[in-house]
Amino acid sequence: NILDRLEDISNRADTTTREGVQELVSETALELLRNEASITSSYIESDHYSSPEKAQRDFNARSMGSRSKFGQEAVNRFNGKEGGLGSIEADPQDESLARVAVVTMNVAINGDSTYIPIVRRRADLIDALRRIATDSIVDDCLYSGEVLWTPEISRQDLYALHPKLLLL
């Protein structure tokens, strides 16, 4: 399942190096491409900045906004250090869960050539994921990157926590 694959990718990633973070972002985008048929909703936001400092500040703000939607973090790997509370599993007895998860990628990529389209349909999502997968591993283009995912949540919680998601 996709969550198991994301955990494998995250466990292998060496977040102490640029190359490790590049691999984390690229491999995650590739895994999402491999499983694109199971993606039901998407939202992508992209901006261009005149300075790396402004881009980094915005990345940090988006990261905190994304992370604040989680009640707790099972794993948090940053710069080779691990934090978090350990495994968080969905309750298999809870019938209200609809087997949905949210995967969030926050990336800061240098350069004007990484144009990420507004996602209005599945083809736009595939194009965006391909661009992220390829551009994030070019030399030193990736300034920052992180991958977040939820355990399984209800559809009601999904759209309450992520109201900008669009059905594909």
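Owing to the predicted nature of the structure, the values given are computational and were not obtained by experimental measurement.

Engineer: It is not clear to me how the overall build of the protein should be interpreted in this structure. Could you clarify?
Structural biologist: Of regular secondary structure, the protein possesses 5 helices and 6 strands. Starting at the N terminus, the α and β elements of the protein follow one another as α-α-β-α-β-β-β-α-β-α-β. The buried share among the 168 residues of the protein stands at 34%.

Engineer: Whenever I open this one, the nonpolar core confuses me. Can you help?
Structural biologist: The tendency in soluble globular proteins is for nonpolar side chains to be buried side by side. Core analysis: the largest hydrophobic core is formed by 22 residues, its most contacted members being Ala 29, Met 105, Leu 129 and Ile 132. Of all elements in the fold, only α2 (18–34), β4 (103–109), α4 (122–135) and β5 (142–149) reach the threshold of two or more residues within this core. Met 105 has contacts with Val 25, Thr 28, Ala 29, Leu 32, Ile 132, Glu 146 and Val 147, leaving out every residue within four places of it along the chain. Counting 5 residues, the second-largest nonpolar core is a separate cluster that includes Val 100, Val 102, Leu 158 and Leu 165.

Engineer: It is not clear to me how the packing of helix α1 (residues 2–12) against α2 should be interpreted in this structure. Could you clarify?
Structural biologist: Think of two packed helices as two axes; the pair is described by the angle between the axes and how far apart they sit. Contact pair α1 / α2: the axes reach a minimum separation of 10 Å and the direction vectors enclose 165°. What the angle tells us is that α1 and α2 run roughly antiparallel. α2 is crossed by α1, and the crossing has right-handed handedness. Residues Ile 2, Arg 5, Leu 6, Ile 9, Ser 10 and Arg 12 of α1 form the contact with α2, whose participating residues are Glu 23, Leu 24, Glu 27, Thr 28, Glu 31, Leu 32 and Arg 34. Partitioned by chemical class, the residues of the contact of α1 with α2 number 5 nonpolar, 2 polar and 6 charged.

Cut-offs and rules
Note that residues are indexed from 1 along each chain, following the sequence as it is written. Reporting of local features is limited, given that this is a predicted model, to residues whose pLDDT is at least 70; pairs of side-chain atoms are given and counted only at 80 or more, and all residues count toward the totals for whole chains, interfaces and linings. Based on all heavy atoms of the structure, the side-chain values leave hydrogens and waters out of the count. The helix and strand labels rest on DSSP assignments: H or I over at least four residues marks a helix, E over at least two residues marks a strand, and numbering proceeds from the N terminus. Throughout, exposure labels follow a simple rule: accessible area from a 1.4 Å probe, protein chains only, divided by the maximum for the residue type, with under 20% read as buried, over 50% as exposed, and the rest as partly exposed. Each nonpolar core is a collection of buried residues, namely Ala, Val, Leu, Ile, Met, Phe, Trp, Tyr and Cys, held together in the definition by side-chain atoms within 4.5 Å. Residue contacts are counted whenever heavy atoms from the two residues lie within 4.5 Å of one another. The axes used here are C-alpha line fits, helices contributing only the stretch in contact, and every angle between their N-to-C directions lies in the interval 0 to 180 degrees. Put simply, angles under 35 degrees are roughly parallel, angles over 145 are roughly antiparallel, angles from 65 to 115 are roughly perpendicular, and the rest are oblique. Crossings are sorted by hand: turned counterclockwise from the far helix by less than a right angle, the near helix makes the crossing left-handed, and turned clockwise it makes it right-handed. Polar here means any residue other than Ala, Val, Leu, Ile, Met, Phe, Trp, Tyr, Cys and Pro, which are nonpolar, and Asp, Glu, Lys and Arg, which are charged; Gly is therefore polar.

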